[in-house]
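Coordinate inspection notes
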Amino acid sequence: MPATSANLGPGFDAFGLALGLYDELTVIPGGSGVSVEVTGAGAGEVALDESHLVVRAVRAGLSALGVDVPGFVLRCTNRVPHGRGLGSSSAAIVGGIAAAYGLAGAELDREHVVALANELEGHPDNVAAAALGGFTTAWVDGGVGKAVRTDPVAELRATVYVPEVKVLTKQARGLLPDVVPHADAAANAGRAALLVTAITSQPGLLMTATEDRLHQEYREPVMPETLALVHKLRGSGLAAVVSGAGPTVLVLDALSGKEIAALPVAPDGWTRHDLAIDPAGVQVWSGVADGESSPWAE
């Protein structure tokens, strides 16, 4: 399951981008109840029983498919940081539902994955990108999460600056006002429309297209260092935005390897990752032998 970045500046709760950083699950059916093992991000912090988010997603997926698997072993290898605005919960939910398809021996229905994952996550932007890959536009129609996928330009790359601190999505969303000025809403609508063109065909427009007046500045009280870094990077001509609810900062551009290497180093206490765009979304394999590495292992 890929990491994802949502919003991308003006596309609040709509746009998502799948990134080349991956969590992995192994689910082995048998017995009754569950056994959960976690390595990497979240180890020692997340629940190891039926309340684990992946377990709940597997159960929801199996129920939707009408399949009964009483027990299983779940092994999670997590590389996506938790609580940083890179879609860790969406990766867990989408991965769990996809694993249910594997357990059921059913062909993965990505539209159904988006709809069911939206029910569990509460908004479809990150789950759409995790399920479909590439650049996604998501919405809710009659309570059902839906999305369309578009190919970004081949040269698009993402650099993320990840701080050590976490910010809960609920906390960040709680700072947003119920009413915004009409001029700000109109500006964001125009920039969001432009961003589709920038990502899919004209990356030279990314700097203008990633301008936001709807949500980022309102979140500054809980992530002042994030907004300061966004302003600093944009001041140097880089298309920097808050990744999802933050506090990670995302930079989008069509850069060569040499140009990416020349990007600013991460501030003290932050980590920089230079990532490709994931083209495929969640992937499922069945019958991988113990000890055999998957194609996504680092």
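Here's a quick rundown of the structure. It should be emphasised that the depicted structure is a prediction, and the values quoted were computed from it without experimental measurement.

**A closer look at the packing of helix α3 (residues 110-121) against helix α4 (residues 125-132)**
- Running from amino to carboxyl end, α3 crosses α4 at an angle of 150°, the nearest separation of the two axes being 9 Å. It follows from the interaxial angle that α3 and α4 lie roughly antiparallel. Here α3 runs over α4; the crossing is right-handed. Residues R110, V113, V114, A117, N118 and E121 of α3 touch α4, and the partners they reach there are V127, A128, A131 and L132.
- Class assignment for the residues of the contact of α3 with α4 results in seven nonpolar, one polar and two charged.

**Quick look at α4**
- In terms of burial, α4 is a largely internal element, eight of the eight residues being buried.
- By the burial criterion, the buried members of α4 are D125, N126, V127, A128, A129, A130, A131 and L132.

**Some details on unusual backbone geometry**
- Cis geometry marks the peptide bond from G246 to P247, where omega comes out at 10°.
- Counting through the fold element by element, P247 comes out in the loop between β9 (239-242) and β10 (249-253).

**A closer look at the sheet that holds strand β2 (residues 11-22)**
- Taken in spatial order, the four strands line up as β1-β2-β6-β7 in an open sheet, and their pairing is antiparallel. Every other strand in the sheet has two partners, leaving β1 (2-7) and β7 (144-150) as the edge strands with one partner each. Each strand axis lies, on average, 30° off the axis of its neighbour in the sheet, ignoring direction.
- Examined bridge by bridge, β2 and strand β6 (residues 135-141) share three bridges and lie antiparallel to one another. Pairing of G16 across the sheet is with T136, part of β6.

**Structural notes on the packing of aromatic side chains**
- In total, this model carries one aromatic pair according to the counting rule given.
- With centroids separated by 5.2 Å and ring planes inclined at 65°, the aromatic side chains of F15 and F135 adopt a geometry described as edge-to-face. Pair noted here: F15 is in strand β2 and F135 is in strand β6, with a separation of 120 residues, a long-range link. Comparing F15 with F135 shows no difference in burial state: the two are buried.

**Points about the environment of R79**
- Tracing the sequence through the fold places R79 in the loop between β5 (71-78) and α2 (88-104).
- In terms of polar contacts, R79 uses its side chain to reach the backbone carbonyl oxygen of Y22, at 3.1 Å.
- A polar side-chain atom of R79 sits 3.0 Å from a polar atom in the side chain of E24.

**Here we look at the pattern of salt bridges**
- Counted under the stated rule, the structure contains 10 salt bridges.
- Across the salt bridge formed by R272 and D274, the nearest N and O atoms sit 2.9 Å from each other.
- Classification of R272 as partly exposed rests on a relative accessible area of 22%.
- The exposure class assigned to D274 is partly exposed, which follows from its relative accessible area of 40%.

**Regarding the sheet that holds β5**
- Strand order across the open sheet formed by three strands is β3-β5-β4, with mixed pairing between neighbours. Each having just a single partner strand, β3 (24-29) and β4 (33-40) make up the two edges of the open sheet. The sheet shows a mean angle of 10° between the axes of neighbouring strands, direction not considered.
- In terms of strand pairing, β4 meets β5 through eight bridges, oriented parallel. The residue of β5 that forms the bridge with S35 is V73.

**Notes on the pairing of β6**
- Here β6 runs beside β7; their pairing, made up of seven bridges, is antiparallel. When the sheet's bridge partners are listed, W139 is paired in β7 with K146.

**Quick notes on the side chain of N7**
- Following the sequence through the fold, N7 ends up in strand β1.
- We classify N7 as buried; its relative accessible area is 3%.
- Residues contacting N7, with those up to four places away along its chain left out, are F12, D13, F15, D125, H215, R219, G244 and A245.

Conventions used here
Residues numbered from 1 in each chain as written. Predicted model: local features only at pLDDT ≥ 70, side-chain atom pairs only at ≥ 80, totals over all residues. Heavy atoms only, no water. Axes fitted to C-alpha atoms, helices over the stretch in contact; angles between N-to-C directions. Helix = DSSP H or I, 4+ residues; strand = E, 2+ residues; numbered from the N terminus. Parallel < 35°, antiparallel > 145°, perpendicular 65-115°, else oblique. Left-handed = near helix turned anticlockwise from the far one by under 90°. Contact = heavy atoms within 4.5 Å. Nonpolar A, V, L, I, M, F, W, Y, C, P; charged D, E, K, R; others polar. Buried < 20%, exposed > 50% of the residue type's maximum accessible area, 1.4 Å probe, protein only. Pairing = 2+ DSSP bridges. Phe/Tyr/Trp six-rings, centres within 6.5 Å; stacked < 30°, edge-to-face > 60°. Polar contact = N/O pair within 3.5 Å; in protein donor to acceptor, adjacent residues only side chain to side chain. Salt bridge = Lys/Arg side-chain N within 4 Å of Asp/Glu carboxyl O.

So, to be careful, I would describe these as geometric facts and stop short of saying anything about function.
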